[in-house]
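Residue-level structure breakdown
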Protein chains: 2
Amino acid sequence: MQRYFLPCDYEEQETFNLVGDDFHHAKHVMRMGLDDECFLVFKNEHAIKAKIIEITDEKIIFEEVAKEEMAKEMPVKVIIACGYTKGDKLELVAQKATELGMHGLIAFPSKTSVVKWDEKKRNKKAQRLEKIVKEASEQSHRQVVPSVSLYGSFNDLLEKTTDFTQCLVAYEESSKQGENSQLVKTLMTCQPGDSLLIVFGPEGGITPEEIELLVEKKVQCCALGPRILRAETAPLYALSVMSYQWELNKK
Amino acid sequence: MQRYFLPCDYEEQETFNLVGDDFHHAKHVMRMGLDDECFLVFKNEHAIKAKIIEITDEKIIFEEVAKEEMAKEMPVKVIIACGYTKGDKLELVAQKATELGMHGLIAFPSKTSVVKWDEKKRNKKAQRLEKIVKEASEQSHRQVVPSVSLYGSFNDLLEKTTDFTQCLVAYEESSKQGENSQLVKTLMTCQPGDSLLIVFGPEGGITPEEIELLVEKKVQCCALGPRILRAETAPLYALSVMSYQWELNKK
């Protein structure tokens, strides 16, 4: 069933209006009509099943049918931070990581990042990623649209680390040395409501100097198994296993 | 370090020869020279670090330096079976699932598959997928190159199910009904050396009739968490959590 994200908090009320681009999508692309149902999702993570009771030239008016009971969001808010990568890999990560439940996406310039983006380019890229993330949220039945932030410096990332309950960095050298326990240990100690930042390097990997700066900020190195994952695959591995640990494997 | 897969079993011997395409790659693309080292991986899953002792016009001759000790393969052989999908999604799955440790890839025509491939088209597609899988195996440090099989009918898949220790099918309806335990249960009961088939539908999903036929063959339905994953994302989720359960989370 179609899903639309409304830019307001949910409050009990008689009717809800769909306007703007989503209105056009529902009316002209989905060709929805009277009595058709869809999900409406609000800023405060409430979601309702709603039925169309009126369609005008500028809005569709819905009434609530039922609350969406099933939790679609992970119990821990996971923020993925990726070094700037070439081509459209960040777009792939944005789409897949949204399906897999990330709460927010940060991208940052790492020493080995080949691309260099000025503020104008970053703003344009952020708009594109926000569109991808919104569409993936609708398609994967999320109750939150993940945030997107493109940073201008590695320092911005370092400063941000203090905002989270726990921080990890996926480090290839940890994999090569057979370190296998940090990820499990961290996921097991996370509590509902916590926030977790996990940092990934670009294609060229994260440098030992960058690792040192992150470790100074109490970010912990972890491995993602014995194989070497590409830059865009590693975040998908991390989010999948978080879902497994917190959503499927709970006692 | 570069990695080449040799089409023979490993036996202790004084020298090893790299010929054909891999020879050209090593000599002309990687511009390897005397004393340079790389990994050589054999059909029987042995891998060695080897050093160049001679380069001729048609081969590179290596001697063994050391065995590769670290296990890179999952303890359970996992075969991914995907319904034929549109565009290059199967290529994406082939690459990423190789990084994530699959042992083999099967693709099959599902009722909702939009593409219809005759034998000629399947052979061409298989060649392309085999190339992707081989390159991903080198890059991700695998000790096995996964197999690729493109089936002509859903029946081929049904008949194949008896070859495996356990079989699963990822079913969206199981997710919607909040079924959360089957995947964990199956992964927990797998033993080293077992084989596991896991089936995924194409974009349009697997039909209830297909599910029924699979269940008759003792294939068990499982959910992959509460969000709806795209056809190409679901296999990556499954392989990631298998690695977590069997490679990171072992006691």
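Conventions used here
Residues numbered from 1 in each chain as written. Chains lettered and ligands numbered in written order. Predicted model: local features only at pLDDT ≥ 70, side-chain atom pairs only at ≥ 80, totals over all residues. Heavy atoms only, no water. Buried < 20%, exposed > 50% of the residue type's maximum accessible area, 1.4 Å probe, protein only. Helix = DSSP H or I, 4+ residues; strand = E, 2+ residues; numbered from the N terminus. Pairing = 2+ DSSP bridges. Right-handed = clockwise from strand over helix to strand, strands pointing away. Contact = heavy atoms within 4.5 Å. Buried area = accessible area lost by both parts, 1.4 Å probe. Salt bridge = Lys/Arg side-chain N within 4 Å of Asp/Glu carboxyl O. Polar contact = N/O pair within 3.5 Å; in protein donor to acceptor, adjacent residues only side chain to side chain. Nonpolar A, V, L, I, M, F, W, Y, C, P; charged D, E, K, R; others polar. Disulfide = S-S within 2.5 Å. Domains from an automatic or database assignment.

**Side note on the pairing of strand β6 (residues 77-83) of chain B**
Residue and element names in this part refer to chain B.
- For β6, the tally of buried residues reaches six of seven residues, placing the bulk of the element in the interior.
- Pairing analysis gives six bridges linking β6 to strand β10 (residues 195-200), with the strands arranged parallel. From the neighbouring strand, Val 78 faces β10, where its bridge partner is Leu 196.
- Judged from the five bridges that link them, β6 and strand β7 (residues 104-108) form a sheet pairing that is parallel. By the bridge assignment, Cys 82 is partnered in β7 with Ala 107.
- Handedness of the crossover is the feature at issue here: the chain leaves β6, passes through helix α2 (residues 89-99), returns alongside β7, and the resulting connection is right-handed.

**Remarks on the interface of chain B and chain A**
- In this complex, chain B contributes 44 residues to the contact, which on the side of chain A involves 44 residues.
- Around 3,800 Å² of area is buried between chain B and chain A when both sides are counted, 56% of it from carbon and sulfur atoms.
- When the buried surface of chain B facing chain A is broken down by residue, B:Arg227, B:Tyr244 and B:Leu248 rank first, second and third, together holding 21% of it.
- Inspection of the chain B/chain A interface yields six salt bridges.
- Between B:Glu232 and A:Lys96 there is a salt bridge, with the nearest N and O atoms lying 2.8 Å from each other.
- At the boundary of chain B and chain A, one finds 24 residue pairs in polar contact (both at pLDDT 80 or more).
- Taken together, the residues of the side of chain B that touches chain A break down into 18 nonpolar, 16 polar and ten charged.

**What to know about the state of the cysteines**
Residue and element names in this part refer to chain A.
- All told, the structure shown has zero disulfides over all chains when counted by the stated rule.
- We note that Cys 167 lacks a disulfide partner, and the nearest cysteine sulfur, in Cys 190, lies 10 Å from it.
- The exposure class of Cys 167 is buried, given its relative accessible area of 7%.
- For the unlinked cysteine Cys 221, the closest cysteine sulfur is that of Cys 222, found at 7.9 Å.
- The class for Cys 221 is partly exposed, based on a relative accessible area of 23%.

**Concerning the domain arrangement of chain A**
Residues and elements named next belong to chain A.
- Partitioning chain A into domains gives domain 1 (3-67) and domain 2 (77-248).
- Measuring from the centre of the C-alpha atoms in domain 1 to the corresponding centre in domain 2 gives 32 Å.
- Contacts between the two partners involve seven residues from domain 1 and, on the opposite side, ten residues from domain 2.
- At the boundary of domain 1 with domain 2, total buried surface from both sides reaches about 740 Å², with 57% on carbon and sulfur atoms.
- Together, Arg 3, Phe 5 and Glu 45 form the three largest contributors to the area buried by domain 1 at its contact with domain 2, with a combined 79%.
- Where domain 1 touches domain 2, the interface holds three residue pairs in polar contact (both at pLDDT 80 or more).
- Among the residues forming the side of domain 1 that touches domain 2, the class breakdown is four nonpolar, no polar and three charged.

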